[in-house]
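Below, each chain spelled out in residue letters.
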2 protein chains.
Amino acid sequence: MDNLEQISCNKIFGGFQKVYSHDSSELKCKMNFSIYLPPQVEGGDAKLPVIFYLSGLTCTEQNFITKSGFQRYAAEHGIIVVGPDTSPRGVKVEGDDESWDFGVSAGFYLDATQEKWATNYRMASYVNKELYELILQAFSNVVDPKRFGIMGHSMGGHGALVSTLRNPGLYKSVSAFAPICNPTACPWGVKAFTGYLGEDKSKWVEWDATELVKKYDGPPLTLLIDQGAADTFYIQKQLLPENLVEACRSVGVPVILNLREGYDHSYYYISTYLNEHFEFHAKILKA
Amino acid sequence: MDNLEQISCNKIFGGFQKVYSHDSSELKCKMNFSIYLPPQVEGGDAKLPVIFYLSGLTCTEQNFITKSGFQRYAAEHGIIVVGPDTSPRGVKVEGDDESWDFGVSAGFYLDATQEKWATNYRMASYVNKELYELILQAFSNVVDPKRFGIMGHSMGGHGALVSTLRNPGLYKSVSAFAPICNPTACPWGVKAFTGYLGEDKSKWVEWDATELVKKYDGPPLTLLIDQGAADTFYIQKQLLPENLVEACRSVGVPVILNLREGYDHSYYYISTYLNEHFEFHAKILKA
C-alpha cells in the first residue's frame, strides 16, 4: 500500500511511537507521518478513536512527537494519534524555500489552485482524504472509522478548524492551540492565500475558519480554542481568535476560548495544556 | 556575578523554564545552563529543593528541557531543576570534535589531568562546585541549600552517580536513566578515561561508580537505576548496570534496578519513567 515503510519505532508510555513514509498520490512525493499506538491496541477487541494533529510553520512530523509529551495522555485515554508533515517534501517548486512562512513546511492545509503550486501543494486533500483513508486501511484492525478528531497548532490549528468545517462529520471533535483563525485578515494568511490561491479573494474565504463557520451546516460541533496571552504572534494579530469567537456567536456555534496568562507560542505552552485538550476530545470521542 | 545573563524564559506548567549563560572560571569559557522555577517559587516562604540533571553524549542543556516533559513533575512537587551543558563550549582543543563520544559534548563529568585537556575539561568541579555555588547564590531567595538531589542519563547518569559518591552528602538523592555504570570496563569509558586521565588505570577508578561505591563512607544513600531492556548500548555492554548492582550488594548499599521491557535509550523512554524518578527524589528531599 503506497510503499508504506516504517522509519522508526520507539516504546513510550507503554505504546509505540512510530514514523512511516509512503508515496503520496495527492502530493506526488514521498511523505512521512507519525502514528502513536497506545497500549490499548494490544489484545483489545474494541477499536480505538483517532486524533489527527496538524503542526505549524517550519515543523515536520517530528516536533509534536518529541516535544509535546502527548503520548502520556494518548496512553491514558487509549487514543491513536496521527501527525502528518506540513507540506510536500523533496519537490522543487521555484520559490518554495525563499521564506519560512510560504512553500516548504508551510502548506497551509489547503489545495492550491495557482499553476505553479497546484500539482503538489494539495495538503487538504492529502490530510482529509489520502492520509485519512490510509490510516483506515493500514490500521483497520485497531482504528474505529467512526471516531476521528483533529487538533493543531498555529498554521495547524487553522488546518484543524478548516478541515472540520469544510468536511462536516469527518472529525467529531476539534481543538486548536494558537490557531490562525482568520487568515484572510492577517499577514501570514494574505501571503499564503495570494500565493496558493491567487488574487481573487472570493476563493480565500473557503479556507478561512472565521468565514466558514458562518455557513457551517453540519453535525453539532464545539470549537475549543487555546491561546497564550503573551504569544508574540497573537499580539501582532496573526492569530485573531476573537474574530472566530465573534463569528461563532453570530451563528450560534459553541466555542470555548481559553486565554492563558503569560504563555507564548511554543511547545512549552502546548505541553502545559495538552492534557485538557485530550480530556475534551476523549469526552466526545468516547461518549 | 559571573556575567549571569538570561538567554530565554518560557512559561510552562505554571512555572518558568529559563536558560542562562555565564562565564565559567573552572572551564574558562562561556557556558549555558537551564533552570526550571516551579510555580511554588512565587509568594512561598518555604525554600525549595533542587535537582541537578546531567545529560548524555551529544546533548546540550536543551535536550532535557524540550524533550522530557519533566516540568509537569517539577511543578507538581515544587522542585527547582538545573541542567548544565555536557562539556566546555567554544574552546578549541586539538581533537575535540573528531568523535561524538569524546571532547565537545562528551566531558564525562570528570576533571581531566592530561595536559591538553586539563585547562578546560573540568566538568566535575564545574558542576559540583562552581554551578552548585552559583545556584545557591543567584537563587538564594528560593533554593534550600540543604536539599539537593541529582539525576542523569547515560554519560550523565554516570555523572550523577560519581558526583554523589565522590562528594558524600552534597546530593541527598540520586537516580539515573541508562547510566554508564562501570566506565573502566566499557569502550566509551576506556576511550574517555585514556584521553582525559591517561594510561594509569589507578586514576580511572576514582571516576567509576562501580568502584567508588565499594568504598563509599557517607550518609545513607539508595541508588535508583533505570534501564531499558531494548537499549542498544545496554545490549552492547556500554552501560553494565549489573556490575554496579553487584558492587552495591557486596558492600550493603541499597540499590534499585528497574529493567524496562522493550524500552530503548531515547527521551521517549526517559519521559515514560520520569514521574517515578521525581516521586523517588521528592520522597527523600521533602521528607
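Rules used throughout
- Residues numbered from 1 in each chain as written.
- Chains lettered and ligands numbered in written order.
- Predicted model: local features only at pLDDT ≥ 70, side-chain atom pairs only at ≥ 80, totals over all residues.
- Heavy atoms only, no water.
- Helix = DSSP H or I, 4+ residues; strand = E, 2+ residues; numbered from the N terminus.
- Buried < 20%, exposed > 50% of the residue type's maximum accessible area, 1.4 Å probe, protein only.
- Salt bridge = Lys/Arg side-chain N within 4 Å of Asp/Glu carboxyl O.
- Pairing = 2+ DSSP bridges.
- Axes fitted to C-alpha atoms, helices over the stretch in contact; angles between N-to-C directions.
- Contact = heavy atoms within 4.5 Å.
- Least-squares fit on C-alpha atoms with pLDDT ≥ 70 in both.
- Buried area = accessible area lost by both parts, 1.4 Å probe.
- Polar contact = N/O pair within 3.5 Å; in protein donor to acceptor, adjacent residues only side chain to side chain.
- Nonpolar A, V, L, I, M, F, W, Y, C, P; charged D, E, K, R; others polar.
- Parallel < 35°, antiparallel > 145°, perpendicular 65-115°, else oblique.
- Left-handed = near helix turned anticlockwise from the far one by under 90°.
- Phe/Tyr/Trp six-rings, centres within 6.5 Å; stacked < 30°, edge-to-face > 60°.
- Core = buried A, V, L, I, M, F, W, Y, C linked by side-chain atoms within 4.5 Å.

Novice: Help me understand unusual backbone geometry, please; the structure alone is not making it clear to me.
Specialist: Most peptide bonds take the trans form, and the phi angle of most residues other than glycine is negative. All names here are of chain B. Within the chain, F13 stands out as a residue other than glycine whose phi angle is a positive 50°. Tracing the chain through its elements places F13 in the loop between β1 (5–12) and β2 (15–24). Positive phi outside glycine occurs at L240, with the angle close to 55°. Assignment of secondary structure puts L240 in the loop between α9 (232–235) and α10 (241–251). Using a relative accessible area of 12% as the deciding quantity, one classes L240 as buried.

Novice: Even after reading the chapter, I still don't get the pattern of salt bridges, so can you show me in this structure?
Specialist: Following the criterion strictly, the structure yields 22 salt bridges over all chains and no others. For B:E26, the salt bridge is made with B:R122, and the minimal N-O distance between the two is 2.9 Å. With a gap of 96 residues between them, B:E26 in the loop between β2 and β3 (29–37) and B:R122 in the loop between α3 (115–118) and α4 (123–138) connect regions that are remote in the sequence. A relative accessible area of 23% places B:R122 in the partly exposed class. Note that B:E211 and B:K214 form a salt bridge whose closest N and O atoms lie 3.6 Å from each other. The partly exposed category is assigned to B:E211, whose relative accessible area is 26%. A cluster of three or more residues bridged by salt bridges with shared partners is formed by A:K92, A:D96 and A:D97.

Novice: Just checking my understanding: could you explain the sheet that holds strand β9 (residues 255–260) of chain A for this structure?
Specialist: Two pairing modes exist for strands in a sheet, parallel and antiparallel, and in both the strands are linked by backbone hydrogen bonds. Residues and elements named next belong to chain A. In space, the 9 strands of this open sheet follow the order β1-β2-β3-β5-β4-β6-β7-β8-β9, with mixed pairing throughout. If you trace the sheet from one side to the other, it starts and ends with β1 (5–12) and β9, each paired once. Neighbour to neighbour, the strand axes of the sheet diverge by 20° on average, direction disregarded. Sheet analysis places strand β4 (residues 48–54) next to strand β6 (residues 143–153), joined by 6 bridges and oriented parallel. Among the inter-strand pairings, L48 is bridged to a residue of β6, identified as V143. Packing of helix α5 (residues 155–166) onto the sheet brings it into contact with β4, β6, β7 (173–177) and β8 (223–228), and relative to β6 it is tilted by some 140°.

Novice: Mind showing me how you'd approach the pairing of β1(A) here?
Specialist: Each regular strand shows side chains that alternate between the opposite faces of the sheet. All names here are of chain A. Here β1 runs beside strand β2 (residues 15–24); their pairing, made up of 7 bridges, is antiparallel. Among the inter-strand pairings, C9 is bridged to a residue of β2, identified as K18. Remark: 2 residues form the turn of the hairpin made by β1 and β2, two consecutive strands paired antiparallel; F13 in that turn has positive phi of roughly 50°.

Novice: Can you walk me through the relation of the copies chain B and chain A in this structure?
Specialist: In this structure, two copies of a chain are linked by a rotation about an axis accompanied by a shift along it. Relative to chain A, chain B is turned by 180° and slid 0.0 Å along the rotation axis, the superposed coordinates differing by an RMSD of 0.0 Å. Expressed as an axis order, the relation between the two copies is that of a two-fold axis. Looking at the rotation axis and the C-alpha trace of chain B, the residue lying nearest is B:K67, at 2.5 Å. By residue overlap, the copies meet face to face through one surface: 100% of the interface positions of chain B are interface positions in chain A.

Novice: Any chance you could explain the environment of A:G157 here in plain terms?
Specialist: Residue and element names in this part refer to chain A. By the element assignment, G157 lies in helix α5. Residues G157 and N120, spaced 37 residues apart in sequence, show a C-alpha to C-alpha distance of 21 Å. Not counting chain neighbours up to four residues away, the residues in contact with G157 comprise L54, G152, A176 and P179.

Novice: Sorry if this is basic, but what is going on with the interface of chain B and chain A here?
Specialist: Bring the parts together and some accessible area is lost; that lost area is often taken as the interface size. Facing the 23 residues of chain B at the interface are 23 residues of chain A. Around 1,900 Å² of area is buried between chain B and chain A when both sides are counted, 48% of it from carbon and sulfur atoms. Area buried by chain B at its contact with chain A is led by B:K11, B:R72 and B:Y268, which between them contribute 36% of it. Seen at the junction of chain B and chain A, the total is 10 residue pairs in polar contact (both at pLDDT 80 or more). Among the secondary structure elements, those contributing two or more residues to the side of chain B that touches chain A are β1, α1 (62–67), α2 (71–77) and α11 (267–285) of chain B. In terms of residue class, the side of chain B that touches chain A is made up of 7 nonpolar, 11 polar and 5 charged.

Novice: For this particular structure, what's the right way to read the packing of helix α2 (residues 70–77) of chain A against helix α11 (residues 267–285) of chain A?
Specialist: Each pair of packed helices gets described by two things: the angle between the helix axes and the distance between those axes. All names here are of chain A. The interhelical angle for the contact between α2 and α11, taken along N-to-C directions, is 25°, at an axis separation of 9 Å. Considered as vectors, α2 and α11 are oriented roughly parallel to each other. In this structure, the crossing between α2 and α11 has a hand that is right-handed. Judged by residue contacts, F70, Y73, A74 and H77 of α2 engage S271, L274, N275, F278, E279 and A282 from α11. Here the residues of the contact of α2 with α11 are counted per class, giving 6 nonpolar, 3 polar and 1 charged.

Novice: I would appreciate a short explanation of the packing of aromatic side chains in the present structure.
Specialist: Counting across every chain of the model gives 48 aromatic pairs over all chains. Considering the side-chain rings of A:F52 and A:Y132, the 5.9 Å spacing of their centres and the 45° angle between planes classify their relative orientation as tilted. Of this pair, A:F52 sits in strand β4 while A:Y132 sits in helix α4 (residues 123–138), and the two are 80 residues apart along the sequence. A:Y132 matches A:F52 in its accessibility class, with the two residues each being buried. Measuring from centroid to centroid gives 5.7 Å for B:W117 and B:Y196, while their planes differ by 85°, and the two rings are edge-to-face. Within this pair, whereas B:W117 is found in helix α3, its partner B:Y196 is found in helix α6 (residues 187–197), the two being separated by 79 residues in sequence.

Novice: Can you walk me through the nonpolar core in this structure?
Specialist: The tendency in soluble globular proteins is for nonpolar side chains to be buried as a group. Membership of the largest hydrophobic core comes to 200 residues, with the highest contact counts inside it found for A:F52, A:I135, A:L223, B:F52, B:F108, B:I135 and B:L223. In contact with A:I135, other than residues within four places in its own chain, are A:F33, A:I35, A:F52, A:V82, A:S140, A:V143 and A:F148.

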